[in-house]
Each structure stands twice: as C-alpha cells, then as structure tokens.
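Structural overview
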Amino acid sequence: MVVVKYCPHFGEVGIVANFMVLTCSTFLLIAKAVEKFLMALEVNPKKHEALWCLGNAYTSQGFLYAEAKKAQEHFDQAAECFQKALAEDPTSEVYKKALEMTAKAPALHMELQRQLSQQSALQQISTTNEAPTASASGKGAEGGSDFYYDLAGWGILGLITVGWIFMSRSQTK
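Below is a short write-up of the structure. (Residues numbered from 1 in each chain as written. Predicted model: local features only at pLDDT ≥ 70, side-chain atom pairs only at ≥ 80, totals over all residues. Heavy atoms only, no water.)

1. Section: the environment of Lys-69
You can see Lys-69 is positioned in helix α3 (residues 68–88). Relative accessible area serves as the criterion here: at 61%, Lys-69 is assigned to the exposed category. Counting along the chain gives 37 residues from Lys-69 to Pro-106, while the straight-line C-alpha distance between them is 9.6 Å. (Helix = DSSP H or I, 4+ residues; strand = E, 2+ residues; numbered from the N terminus. Buried < 20%, exposed > 50% of the residue type's maximum accessible area, 1.4 Å probe, protein only.)

2. A closer look at the packing of helix α2 (residues 48–64) against α3
For the pair α2 and α3, the least separation of the axes is 8 Å and the interaxial angle reads 165°. Considering their axes alone, α2 and α3 lie roughly antiparallel with respect to each other. Between α2 and α3 the crossing geometry is left-handed. Seen from α2, the contacting residues are His-48, Leu-51, Trp-52, Leu-54, Gly-55, Asn-56, Tyr-58, Thr-59, Gln-61, Gly-62 and Phe-63; seen from α3, they are Ala-71, His-74, Phe-75, Gln-77, Ala-78, Cys-81, Phe-82, Lys-84, Ala-85 and Glu-88. Looking at the contact of α2 with α3 residue by residue, the classes come out as 11 nonpolar, eight polar and two charged. (Axes fitted to C-alpha atoms, helices over the stretch in contact; angles between N-to-C directions. Parallel < 35°, antiparallel > 145°, perpendicular 65-115°, else oblique. Left-handed = near helix turned anticlockwise from the far one by under 90°. Contact = heavy atoms within 4.5 Å. Nonpolar A, V, L, I, M, F, W, Y, C, P; charged D, E, K, R; others polar.)

3. Concerning α2
The end-to-end C-alpha distance of α2, which contains 17 residues, comes to 25 Å, matching closely the 24 Å that a straight helix rising 1.5 Å per residue would cover. Within α2, burial applies to His-48, Ala-50, Leu-51, Leu-54, Gly-55, Ala-57, Tyr-58, Thr-59, Gln-61, Gly-62 and Leu-64. As for α2, its buried residues are in contact with α1 (24–43), α3 and α4 (93–128). (Expected span 1.5 Å × (residues − 1).)

4. A few points about the packing of aromatic side chains
Applying the stated criterion to the full structure yields three aromatic pairs. Between Phe-147 and Tyr-148, the ring centres sit 5.5 Å apart and the planes meet at 70°, which makes this aromatic pair edge-to-face. By relative accessible area, which is 52% here, Phe-147 ends up exposed. Owing to a relative accessible area of 57%, Tyr-148 belongs among the exposed residues under this scheme. Lying over the aromatic face of Tyr-65, Lys-70 brings its terminal NZ or CZ to 5.7 Å of the ring centre. (Phe/Tyr/Trp six-rings, centres within 6.5 Å; stacked < 30°, edge-to-face > 60°. Lys NZ or Arg CZ within 6 Å of the ring centre and 35° of its normal.)

5. Section: the side chain of His-74
Tracing the backbone through its elements, the reader meets His-74 in helix α3. The contacts of His-74, once residues within four sequence positions are left out, are Tyr-58, Gln-61, Gly-62 and Tyr-65.

6. What to know about the side chain of Gln-61
With respect to the secondary-structure elements, Gln-61 resides in helix α2. On the basis of relative accessibility, which here comes to 6%, the residue Gln-61 falls in the buried class. Within the local environment of Gln-61, its side chain forms a polar contact with the side chain of His-74, the two groups lying 3.1 Å apart. (Polar contact = N/O pair within 3.5 Å; in protein donor to acceptor, adjacent residues only side chain to side chain.)

7. As for a nonpolar patch on the surface
On the surface, Phe-147, Tyr-148 and Leu-151 cluster together to form a nonpolar patch covering roughly 380 Å² of accessible area. Take Leu-151: it is sitting in helix α5 (residues 146–172). (Patch = residues over 30% accessible without salt bridge, like charges linked within 9 Å, V, L, I, M, F, W, Y side chains within 5 Å. Areas by Shrake-Rupley, 256 points an atom, 1.4 Å probe, with all protein chains shown as cover. Salt bridge = Lys/Arg side-chain N within 4 Å of Asp/Glu carboxyl O.)

8. What to know about the nonpolar core
Within the largest apolar cluster, 18 residues are counted, with the highest numbers of intra-cluster contacts made by Ile-30, Val-34, Leu-41, Leu-54 and Tyr-58. Put simply, the parts of the chain that give this core at least two residues each are α1, α2, α3 and α4. Per-element accounting of this core gives the leading share, six residues, to α2. Not counting residues within four places of it along the chain, the set of residues in contact with Leu-41 comprises Lys-47, Ala-50, Leu-51 and Leu-54. (Core = buried A, V, L, I, M, F, W, Y, C linked by side-chain atoms within 4.5 Å.)

9. Comments concerning α3
Over its 21 residues, α3 extends 30 Å from the first C-alpha to the last, a length consistent with the 30 Å expected when each residue adds 1.5 Å. All buried positions along α3 are accounted for by Ala-71, His-74, Phe-75, Ala-78, Ala-79, Cys-81, Phe-82, Ala-85 and Leu-86. The buried residues of α3 occupy one face: seen down the axis, they fall within an arc of 165°. Across from the buried face of α3, at angles greater than 90 degrees, the exposed residues are Lys-69 and Ala-87. At its buried positions, α3 is contacted by α2 and α4. (Arc of directions from axis to C-beta.)

Structure below.
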C-alpha cells in the first residue's frame, strides 16, 4: 500500500513498504545528515569518507521520493560525490562499487515504485473483495481456529520456561 503524505519540507512524500511508514521526520533526519556532511566538506573538501557518506545520504533521499525526476536529481548528486571520492582515493573498491550501484539506482527505483503500486492495488482489491466469512467463534475462511494455535503456543512457552528454571536450578547445586 502506498500512502502519500504532505511534508512541509519536501512536499508530497511518504510510502508504506513492509508496514513501515516513512514520515517527514525520516526526510528531515537524512536532510540533516546531508547538511552535516556538507559542513564537513567545507572544512576539508578532499575528505573522501565524507564524500562517500554524502553520496549514500543522497542515494537514500532519492529512494524516498516517488517521483522519478526528483529521485534522479538525488542519484546524480550521489554519483558526483562518489566520483569525487574515487578521485581522492582511486584504489578504493568501496567507492567503485558505490558508483556502480548508483548507476543502477534509477532502475531499482522504478522497480520499487512499480512493486509498491502493485502491492497497493492488490491490497485495495483484497480489502474490497474480502468476504465476511469470519464468524464470532474465531473461525476464519480456512475453517480453523486461531484459539487452538494460541493455546498451543502458550503451552509450549510455559513448558520451555519450566524446563529452563529446572535446568538453571540443577546447575547451581
């Protein structure tokens, strides 16, 4: 399910992926990191570690936008940072790999947005087509009951706890 929210700093943003809502505070946290890395680069513009971190922050920002054009701007900034870092330390495999991955970021972003759209559509279909098969007795569409699974789970947990207590007492003697 894709949820779009309004953030006063970034406009309409926010997605729900794996039940995690990316809120305005997430964007602000990354923006603050970008700001701090830029400050570090003002002190020492050749600090390749800061350039690499800034590139990662820009990449993260790019994936937070649903709009491809806005995401591409961040991916371009990230690639520029990784190129500068690689120029400062040409032997770093990490910087080379980061530059490679940033080149693949737009395609990954497009695939992510496609999958999020499909997931949202499927969730909307499942909520509208959901049949009222669950009764008050706790039985779902499969005809089973969660009560028995819950009871079995608590029973197993109780047995494990009792066994653990007995084992710990026997080892202290």
